[in-house]
Amino acid sequence: MIIRGFAHKLGDDINTDYIISGKYKFKTLDMKELAQHIFEDIEPDFIKKIKPGDIIVAGKNFGCGSSREQAPLVIKNAGLSAVVAVSFARIFYRNAINNGLPLVECDTSGIEEGDELEINLEEGIVTDITKGFQIKINPLPPFMMKLLQDGGLVEHFKKYGGFSIE
Amino acid sequence: MSHKTLTEKIFEAHLGREPKIKEVVVVDVDFAMGQDGTSPLAIQKFYEMGGKKVLNPEKIALVIDHGAPSPNEGFSNLHKLMRDFAYEQGVKLFDIGSGICHQLIPEYGFAGPYDIVVGADSHTCTYGAIGAFSTGIGSSELAAVMISGKLWFKIPASIRVILSGKLPTGVYSKDIVLYLARLIGADGATYKALEFDGEVIEQLSVDARFTISNMAVEVGAKAGIFPLDEKTKIWLKEHGRECNKDLTIDPLANYESTIEIDVNKLEPQIALPHRVDNVVGISEIGDIPIQQGFIGTCTNGRIEDLEIAVRILEGKEVHPRVRLIVGCASKNIYLEAMKRGIIEKLVNAGATIIPPGCGPCVGTHAGIPSDGENVISTANRNFKGRMGNNKAFIYLASPATVAASCITGKITDPRRYL
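Definitions and cut-offs
- Residue indices begin from 1 for each chain and proceed along its sequence in written order.
- Going through the entries in the order they are written, you letter the chains from A and number the ligands from 1.
- Where totals are concerned, whole chains, interfaces and linings use all residues; where local detail is concerned, this predicted model gives features only for residues with pLDDT of at least 70, and gives and counts side-chain atom pairs only at 80 or more.
- Only when DSSP finds a minimum of two bridges between them are two strands counted as paired.
- Strands are runs of DSSP state E lasting at least 2 residues, helices are runs of H or I lasting at least 4, and numbering of each runs from the N terminus.
- Here an angle of 0 to 180 degrees is reported between the N-to-C directions of two axes, which are lines fitted to C-alpha atoms, with helices fitted over the stretch in contact.
- Note that contacts rest on C-beta atoms placed from the backbone: two residues are in contact if these are within 7 Å.
- The residue classification treats Ala, Val, Leu, Ile, Met, Phe, Trp, Tyr, Cys and Pro as nonpolar and Asp, Glu, Lys and Arg as charged. All others, Gly included, are polar.
- Here a residue counts as buried when 20 or more other C-beta atoms sit within 10 Å of its C-beta, as exposed when there are 12 or fewer, and as partly exposed otherwise, the C-beta atoms being derived from the backbone.
- Reported domain spans reflect what an automatic or database domain assignment gives.

K.L.:
How would you explain the sheet that holds strand S5 (residues 116-120) of chain B if you had to name every residue and give the values?
P.N.:
What links the strands of a sheet is backbone hydrogen bonding, and the strands pair in either a parallel or an antiparallel sense. Residues and elements named next belong to chain B. The five strands are arranged S4-S3-S2-S5-S6 in an open sheet whose pairing can be described as parallel. With one partner strand each, in any of the chains shown, strand S4 (92-94) and strand S6 (133-136) form the two edges of the open sheet. Pairs of neighbouring strands in the sheet enclose a mean axial angle of 20°, with direction left out of account. The pairing of strand S2 (residues 31-35) with strand S3 (residues 60-63) spans four bridges and is parallel. Paired with glycine 34 across the bridge in S3 is leucine 62.

Structure follows, in structure tokens:
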């Protein structure tokens, strides 16, 4: 799986309330509508600054807080293609993979806003094309890689009728 | 290898063999829960996955608590989806007025020692207080549990948290857990289980332990588990659960690390905006005026919390520039508080009582602050915008500190009233 896009940088401990505020997410299951409010509490008009395929680049503990699965769904529905962060909170991590949103865990300190990135998930490499350097990725656990390759938990269940971890 | 963490003991009981830390296992789930922010998506996913009938309807509950009663038509339509699904599938529904999921699940005996419980809400870790391995999941996973009865887990490494000393007057379990967040930070226990030990545990009621387990997720933990003692066993019996097995900490188990907290000199703690781990002691805080206080939530909306607050507020009045909002964590707590005269005393002091539910904590209704206001709350999160306005400032504290602050109109050490 090769993903190419431009980086949007965010800080440490970006919680799921910041990804999509509770005041919107309780009202609807329309993720396209919710996506209009992505990161609104910390960066108003964020949705206007992104193009399809762009990549979120963040610090440690991305996705902490609430278990809302709307968070990865809103990221996907905003047209973003992946999240690259130093570390992820565990519920968000599972929710993202369960919805086929690629997550990449690596050192993000050298990446700057607007850098063009290429992520090769199988080879475990992020390339900063703008700056010309590569970063090694902490690989996904095998079962999570399988879920991601299946396209998420819904597709996995449709394929196997339950969890197939072997 | 006979030395095991609480987490390993609980998983061993399900697997019928010794689990290995970091091993991925699929196990039968004893109970699963969803609330009105997560269940509608779970129902949608259930059908997308090809679900037709919930496998074990008696092991599932849906709770309408985040917007109860409904504050708008969007909420109302999602509530209807939940009500219809629960009726058709024979699943237990806790409708408006019942209370907050994390009070109801243990209160109705749906969680207990050695159980593996999951919930589509991050604070599902609350039931660790009564010896369950319980953790938050997403909506897709709740759908998967409804279809298959199972979920996969990576057995977490555990951190032993030793609480030693004697808890001083005016200092509560909320202060301990805020101090823990201060010590290890918002990701200090990510992917790990916290397991509590030490002489302070016996000084804490089960209600007080729920407060600590509830906030385990605020340091990233997957679970926050207490060993069982006589207090737990009595509590379980009162809530329809028998418990014949012991669950105790083995200091020789393979703990990844140990954290020691001496509570003897602990003072009331406050989390400053906009981070749960941005914690200071009350003596360091200075003059901070407040315009709203909130006592309630899955962290501190239990009968003991209300008793603590009323001890401070009885015969006094809430400051004229402050609104105090109080919400009981469940209908049964509300009824008990009425029976004990707590509600009357709180209302006389100037408090506004809201229906049992999450409301103000999640910014859905019943107490959204205005721009620039400071709120002191017994909740577990103070993220920017959390209470529905990203221009407000949220401080987290114990029910005692919130009560004292509502009298003076500024953040106040509760010990002056005790």
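Once you've had a look at it, read on.
K.L.:
Could you give an account of the interface of chain A and chain B, naming the residues involved and the relevant values?
P.N.:
Listed per partner, the contact involves 40 residues of chain A and 47 residues of chain B. Sorting the residues of the side of chain A that touches chain B by element identifies helix H1 (16-19), helix H2 (22-25), helix H6 (90-98) and helix H8 (153-160) of chain A as the ones contributing at least two each. No other element matches the five residues that H6(A) contributes to the side of chain A that touches chain B. Counted by class, the side of chain A that touches chain B contains 14 nonpolar, 14 polar and 12 charged residues.

K.L.:
Could you give an account of helix H5 (residues 70-77) of chain A, naming the residues involved and the relevant values?
P.N.:
Most of H5(A) is tucked away: six of the eight residues are buried. Trailing H5(A) by a residue or two, Gly79(A) shows a phi angle of about 95°, which is positive.

K.L.:
Requested: an account of the sheet that holds strand S10 (residues 223-225) of chain B, with residues and values cited.
P.N.:
Residues and elements named next belong to chain B. Read across the sheet, four strands follow the order S10-S9-S8-S11 without closing on themselves; strand pairing throughout is parallel. The open sheet is flanked by S10 and strand S11 (257-262), the only strands paired with a single partner. For this sheet the average axis-to-axis angle between neighbouring strands, irrespective of direction, equals 20°. When strand S8 (residues 158-164) meets strand S9 (residues 193-197), the two strands line up parallel, connected through five bridges. In the sheet register, serine 158 faces S9, and the bridge partner there is alanine 193.

K.L.:
Any details on the domain arrangement of chain B? Residues and values, ideally.
P.N.:
Residue and element names in this part refer to chain B. According to the domain assignment, chain B consists of domain 1 (26-154), domain 2 (158-262) and domain 3 (273-417). Relative to domain 3, the C-alpha centre of domain 2 lies at a distance of 24 Å. When residues of the side of domain 2 that touches domain 3 are traced back to their parent elements, those giving at least two are helix H6 (173-184) and helix H7 (206-214). The dominant element in the side of domain 2 that touches domain 3, judged by the number of residues it contributes, is H6, at six residues. Among the residues forming the side of domain 2 that touches domain 3, the class breakdown is eight nonpolar, six polar and five charged.

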